[in-house]
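Here is what each chain is made of, one letter per residue.
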Amino acid sequence: MTRIVRSDDIHGLVSAADRLRRGALVIAPTDSGYGLFCDPFNDVAADKLRAARPRSAGGSLSLLVSAPPEWQRWACAPHHPGLQALLDEVWPGPLGVVAPARPVLPSWLVSGTGAVTVVHHASRTLNLLSLYSGLPLAAASASVHGRDGVRTAGLQAVRAELESAVDLIVEAPEGAVGDPPPTVSTVVSVVGPRARLLRAGAVGVDVLSRRLGVLDGDGVTFESGR
């Protein structure tokens, strides 16, 4: 039976973090709805997440960290010395960074180009789950098709489709998710010698350019995980 805990229940979050360490797949609130999270180094948990959100079906993945400097344990950006200053300025916040992955990361989380998408949400719940578990969290969107056919990350629709696939659901208090309207995250790639804007969003080009220099922009070609 899927366990439900509230995001304002500290004891419940500590228990959820312990279950993450033991291979649980968890639905939890993000800055823009609900997402799926697990320990990226646990093969059982990885299999659960990939079954729920296969990449072949458009399920994109990311790695959530609980503090701006933590990304350097899992990725690198040797051509972009201004990246850390950018992250210190905007994280936690709506910015996903596609960067070369370090060999320590499991291959299932890394793209065919050897890159990983790193995010640091403003969500207190997610940061506590990461801190309490001592883990970065593999993340995927929990968005599903609602009754009207529109993609939604609302808890009712997410539970209807995914509850049987997960071990635990962290439920935000009513009105805490999706109000105000979700923020569109900016996605930038630092894989090459020039940073590339992959998706325009809440973090403006002026902020990116000030830290990373001239950007190559190729439109909306990438959708990050939550």
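Residues numbered from 1 in each chain as written. Predicted model: local features only at pLDDT ≥ 70, side-chain atom pairs only at ≥ 80, totals over all residues. Heavy atoms only, no water.

Draft legend 1. Spotlight on the pairing of strand 6 (residues 115-119). Most of strand 6 sits out of view: five of its five residues are buried. Taking every second residue as pointing to the same face, both faces of strand 6 are buried, with A115, T117 and V119 on one and V116 and V118 on the other. Where strand 4 (residues 61-64) lies against strand 6, two bridges are found, and the strand directions are parallel. From the neighbouring strand, L64 faces strand 6, where its bridge partner is V119. Examined bridge by bridge, strand 5 (residues 95-100) and strand 6 share five bridges and lie antiparallel to one another. Bridge pairing links P100 to A115 in strand 6. (Buried < 20%, exposed > 50% of the residue type's maximum accessible area, 1.4 Å probe, protein only. Helix = DSSP H or I, 4+ residues; strand = E, 2+ residues; numbered from the N terminus. Pairing = 2+ DSSP bridges.)

Draft legend 2. Fine view of the nonpolar core. L36, L83, W91, L95 and V97 are the most contacted members of the largest nonpolar core, which totals 49 residues. Formed by 18 residues, the second largest nonpolar core is a distinct cluster that contains L20, F37, L168 and V170. (Core = buried A, V, L, I, M, F, W, Y, C linked by side-chain atoms within 4.5 Å.)

Draft legend 3. Region of the structure containing helix 6 (residues 205-212). Those residues of helix 6 that sit buried are V207, L208 and L212. Projected down its long axis, helix 6 carries its buried residues within an arc of 105 degrees, all on one side. Pointing more than 90 degrees away from the buried face of helix 6 are the exposed residues D206 and R210. A positive backbone phi angle near 85 degrees is found at G213, which sits one or two residues after helix 6. (Arc of directions from axis to C-beta.)

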